[in-house]
Amino acid sequence: ELALKSLGSEGLFLFSSLDTNNDLYLSPEEFKPIAEKLTGVAPVSEFEEEETPDPSGETLSIVAKFQPLVMETMTKSKDGFLGISHVALSGLRNWTAPATPMSVMLARQFKAFLPPKNKLDLGDPWWIIPSELNIFTGYLSNNRFYPPPPKGKEILIHKLLSMFHPRPFVKTRFAPQGAVACIQAVSTFYYTIAFRIHAEFQLNEPPDFPFWFSPGQFTGHIVLSKDSSHVREFKLFVPNNRSLNVDMEWLYGASESSNMEVDIGYLPQMELESTGPSVPSVIHDENGNVIDSRDPSGEPIQFVFEEITWQQEIPWEEAARKLEVAMYPFKKVSYLPFTQAFERAKAEKKLVHSILLWGALDDHKPLSASLSMPGSGRTLRETVLESSPILTLLNESFISSWSLVKELEELQTNRENEFYSKLADLHLEKYNFPVEMIICLPNGTVVHHINANYFLDITSMKPEDVESSIFSFSTNFEDPSTATYLQFLKEGLQRAKPYLQT
């Protein structure tokens, strides 16, 4: 109360965003973001001080490519952003170019991507930055403006993402956090490492309220020598193959419990790419003397690199799937694209288990609109969809798929394929915000469905309070949500029997 009286609600909001341990005292470490903002000077981190640059080490030039979010893809754009203050979106609207279009980095800094000694098999994932959150730990505070100082391997990821925007958070507020990688190819002296990173950005600064910008994921690959002295190529990007790939949230008040607006949108391009292999920063002749990096005519010396012969490799799609399953255990079941799922179901004479969402199921923080609601895709994927009995039954008896409402709305209006249009139509008829779980025949006929909010409501009730005609609880599993989802799937199979037998 005294702090509120002294600072006012907005002042206390800023103070508490810096006071990370909530002791009402700002340590020098907590005050550092403000000091850096006021002085314009950022001290070199301890980790980087230890990394004394090797004068003969190689350097890698990286360029950033960025096309801003397409504002028209935001749901709020349909009513002209009615009721949304211009200030709230100022950080988003003003972000039209990368913060650092080009950067030169030491090749050895990329040793953060090298595998640990026990992870040398192709496709065997390891954590570069471990996820520290799960369904039990909850999520981190929304009320923050400045990222905590990165440590260890976070430093490289932070440095790379800072090329896009000065305030990247390498640890997201929601699970799964972090960065995961695996070996995609190996030669005598080189690895190709595939990676996936979950990170987000804070676009606003005081006195405005926080605005979180969360791409679905960053992915990419790096080809580097086993001693990290040479990087042959590097690429990092946000996938743009789906119609929506960014989640946004912004606060409307000076406290953690303030109202929050949410939206999703499409980002056409966000990528980093090396301009070529890393090259020596200093060139020596055969006698060890430093020579000019340009030839007598003034042209830069051209380096010739040996061709890499890969001894073992796996396809990019396989590596990407291994990383996806590491982040999301529920993906041990394959989730096919919508139309492909029905084709596979017809061929294998199985039912389709379909999840229809407003936001993505397998991006790092799906369905933000339901953060304040129980029925979020995040809750589903971290509980029932990961459980062993559900994974087993889905693999045995169903073809699974998840879709965005926006994608099915587009498919619904596609008159080039009437069957696909009808499939989308049958799904959308049953959809209720935010998530609908649907079981249907290969021809699209829905035999069973349940809304995620309703599902999670009844699984939080006592068994005796639930109408027996809706779902019956099994005593075989301690977790009522797993038991109830299992019952939902089994009832779908039972209801489909008359259709499948004809």
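Within any chain, residue numbers begin from 1 and follow the written order of that chain's sequence. Reporting of local features is limited, given that this is a predicted model, to residues whose pLDDT is at least 70; pairs of side-chain atoms are given and counted only at 80 or more, and all residues count toward the totals for whole chains, interfaces and linings. As a rule here, side-chain values come from all non-hydrogen atoms in the structure, and water together with hydrogens is ignored.

- An unreviewed UniProt entry lists the protein chain under the name SELN protein, with Pluvianellus socialis as the source organism.

Quick look at the pattern of salt bridges
Step number 1: A side-chain nitrogen of Lys or Arg and a carboxyl oxygen of Asp or Glu constitute a salt bridge if their distance falls within 4 Å. In the structure shown here, the tally under the stated rule is 14 salt bridges.
Step number 2: Of the charged contacts, one joins Glu348 and Lys350 as a salt bridge, the two residues approaching to 3.5 Å between their closest N and O atoms.
Step number 3: Categorising residues by exposure relies on relative accessible area from a 1.4 Å probe, with only protein chains included: less than 20% of the type maximum marks a residue as buried, more than 50% marks it as exposed, and the intermediate range marks it as partly exposed. Residue Glu348 is classed as partly exposed on the basis of its relative accessible area of 37%.
Step number 4: Since its relative accessible area comes to 18%, Lys350 is described here as buried.
Step number 5: One salt bridge in this structure joins Glu410 and Lys406, with 3.7 Å as the shortest N-O distance. Highlighted residues: Glu410 and Lys406, both in helix α10 (residues 405-412), separated by four residues, approximately one helical turn.
Step number 6: By sharing partners, the salt bridges in this structure join Glu132, Glu154 and Lys171 into a single network. For helices the rule is a DSSP run of H or I covering at least 4 residues; for strands it is a run of E covering at least 2, with both sets numbered from the N terminus onward.

Digging into the packing of helix α7 (residues 338-348) against helix α11 (residues 418-430)
Step number 1: Note on definitions: angles span 0 to 180 degrees between N-to-C directions of axes, and those axes are lines fitted to C-alpha atoms, for helices only across the stretch in contact. Packing of α7 against α11 brings their axes to within 11 Å, and their N-to-C directions diverge by 100°. Classified by the angle between their axes, α7 and α11 sit roughly perpendicular to one another. Along its contact with α7, which presents Phe338, Thr339, Phe342 and Glu343, the element α11 presents Tyr420, Leu423, Ala424 and His427.
Step number 2: Under the grouping applied here, Gly and all other residues not named as nonpolar or charged are polar, the nonpolar ones being Ala, Val, Leu, Ile, Met, Phe, Trp, Tyr, Cys and Pro and the charged ones Asp, Glu, Lys and Arg. Class assignment of the residues belonging to the contact of α7 with α11 gives a composition of five nonpolar, two polar and one charged. Angular relationships are summarised with four words: roughly parallel below 35 degrees, roughly antiparallel beyond 145, roughly perpendicular across 65 to 115, and oblique for the angles in between. Only heavy atoms matter for contacts: two residues are in contact if any of them lie within 4.5 Å across the pair.

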